[in-house]
Amino acid sequence: MLRIAVPNKGSLSEPAVEMLREAGYKQRRDSRELVLADPDNDAEFFFLRPRDVAVYVGAGTVDAGITGRDLLLDSGADAVEHLPLGFARSTFRFAAPAGTMTDVADIAGKRVASSYTTLVGLHLADQDVEPAAIVHLDGAVESSVQLGVADVIADVVETGTTLRAAGLEVFGEPILRSEAVLIRRVDAELTNGISVLTRRLQGVLTARQWVLMDYVVPNDLLEDAVGITPGFESPTVSPLHESGWSAVRVMVERSTMNRTMDALYDVGARGVLITSILASRL
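Counting starts from 1 at the beginning of each chain's written sequence and moves along it residue by residue. Two thresholds apply to this predicted model, a pLDDT of at least 70 for residue-level local features and 80 or more for giving and counting side-chain atom pairs, whereas whole-chain, interface and lining totals are computed over all residues. The side-chain numbers reported here are obtained from all heavy atoms of the structure, hydrogens and water having been left aside.

With respect to the overall build of the protein
Strands here are runs of E lasting at least two residues and helices are runs of H or I lasting at least four, both read from the DSSP assignment and numbered beginning at the N terminus. If you tally the helices and strands in the protein, you get nine helices and 15 strands. Relative to the compact-globule value of 19 Å for 282 residues, the protein shows a C-alpha radius of gyration of 24 Å, a clear excess of over 25%. Note on contacts: a residue pair is in contact if any heavy atoms of the two residues lie within 4.5 Å. A fraction of 68% describes how many contacts in the protein between residues 6 or more apart in sequence connect residues 24 or more apart. Of the side-chain charges in the protein, 26 are positive and 39 negative, and the distance between the mean point of each set is 5 Å. We take the radius of gyration over the C-alpha atoms and set the globule estimate at 2.2 Å times the residue count to the 0.38 power. None of His or the chain ends enter the tally, which takes Lys and Arg as positive and Asp and Glu as negative. Charge coordinates come from a single atom per side chain, which is NZ of Lys, CZ of Arg, CG of Asp or CD of Glu.

See the structure below:
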């Protein structure tokens, strides 16, 4: 039976549960459930603290898990990224009082506060920068400079509003661009269960990114229309019973589908129909 660790709370939890549900796995309905068996899919789910997922995977207690790339790298566990999952994206950066620092080299001899001390330490070592200290804080690191605990912080940055309110600004290149990832133990055998899980999650990712588009077009305009919709690989073109017309089915990126529809109508295509790939899978 495949054992899978899932974040039990936080920004990773609900998207992870929804993705697994879309992949056909049974998921908990009560947030108090810590273990959930899914015998139909020969799987068992363990709902753990997001920071603990990589530790359990690295120890071999579970076979795979979903966590953040930042949490995986900060854990130091014997686990590796197996598949990026495309949600919970964030950027991890240094920040300091406005106008005081412009480059990572400026951190030498300074105190750095972060919730990700292992990750920060590895990054600074890679840059040959030696700080005075790396101070571990579990939250609200942006207050640490004002309170005299640190000179610099390293934290997840989204809009930067919180940093600006604390008189801080980001500097240097990003430490890491993170997102949710499926992980496995470093030396783990790629079992059939992990292969099935990977294929299903890849299917969900494809379904979220692409839609099926069907349309009909006169044969003399077919090449122009296909040029607009080259598709994921190649469109399927079928002749209609009415001579001189063809039906086209193609995968189109969801983010461009409306512009693509406009372009097709401009070249003379008709009857454009959009179908969710996820709906067609289910």
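Thoughts on the nonpolar core
One finds Phe45, Leu85, Phe94, Ile107, Leu197 and Leu201 to be the most contacted residues of the largest nonpolar core, which totals 43 residues. With sequence-adjacent residues up to four places away left out, Ile107 is seen in contact with Phe94, Met101, Val112, Leu124, Val129, Pro131, Val152 and Phe171. What makes a nonpolar core is a set of buried Ala, Val, Leu, Ile, Met, Phe, Trp, Tyr and Cys residues whose side-chain atoms join them at distances within 4.5 Å. The buried label applies to any residue whose accessible area, calculated with a 1.4 Å probe on protein chains only, is under 20% of its type's maximum; exposed applies above 50%, and partly exposed to all values in between. If you look at the next biggest cluster of nonpolar residues, it comprises 14 residues, including Val211, Val252, Leu264 and Ala269.

A closer look at the pairing of strand 3 (residues 43-48)
Think of it this way: DSSP has to see at least two bridges between two strands before they count as a pair. In the sheet, strand 1 (residues 2-7) pairs with strand 3 via six bridges, with the strands oriented parallel. When the sheet's bridge partners are listed, Leu2 is paired in strand 3 with Ala43. The antiparallel hairpin formed by strand 2 (residues 35-38) and strand 3 contains four residues in its connecting segment, where Asp42 sits at a positive phi of about 50°.

Topic: the sheet that holds strand 11 (residues 180-185)
Through backbone hydrogen bonds, the strands of a sheet pair up, either in parallel or in antiparallel fashion. An order of 2-3-1-4-11-5 is seen for the six strands of this open sheet, with the pairing classed as mixed. Each edge of the open sheet is held by one strand with a lone partner, namely strand 2 and strand 5 (79-84). Strand after strand, the sheet turns through a mean of 30° between neighbouring axes, direction not considered. As paired elements, strand 4 (residues 64-68) and strand 11 share five bridges and run antiparallel to each other. Inter-axis angles, ranging from 0 to 180 degrees, are taken between N-to-C directions of lines fitted to C-alpha atoms, where helices are fitted over the stretch in contact.

A closer look at unusual backbone geometry
One non-glycine residue with positive phi stands out, namely Asp42, at about 50°. Mapping Asp42 onto the fold places it in the loop between strand 2 and strand 3. When its relative accessible area of 44% is taken as the criterion, Asp42 is described as partly exposed. Positioned with a positive phi, Asp128 is a non-glycine residue whose angle comes to about 55°. Within the fold, Asp128 resides in the loop between helix 4 (117-126) and strand 8 (133-136). Accessibility expressed as a relative area gives 73% for Asp128, which makes it exposed.

Considering the packing of aromatic side chains
Centres within 6.5 Å are what make two rings of Phe, Tyr or Trp a pair, Trp counting through its six-membered ring; a difference in plane orientation under 30 degrees is then read as stacked, over 60 as edge-to-face, and the rest as tilted. With the rule as written, the count across this model stands at four aromatic pairs. An angle of 75° between the planes, with centres 5.8 Å apart, marks the rings of Tyr25 and Phe45 as edge-to-face. Of this pair, Tyr25 sits in the loop between helix 1 (13-22) and strand 2 while Phe45 is found in strand 3, placing the two residues 20 residues apart along the sequence. Relative to Phe171, the ring of Phe94 lies with its centre 6.1 Å away and its plane at 25°, an arrangement referred to as stacked. A residue pair is termed long-range when its members are at least 10 positions apart, and Phe94 in strand 6 (residues 90-97) and Phe171 in strand 10 (residues 168-178) qualify at 77 residues. Comment: the charge-over-ring label is applied if NZ (Lys) or CZ (Arg) is within 6 Å of the ring centre and within 35 degrees of the ring normal. Between Arg28 and the ring centre of Phe47, over which it is positioned, the NZ or CZ distance is 4.1 Å. Across the ring face of Tyr25, the terminal group of Arg200 is positioned such that the distance to the ring centre comes to 4.7 Å.

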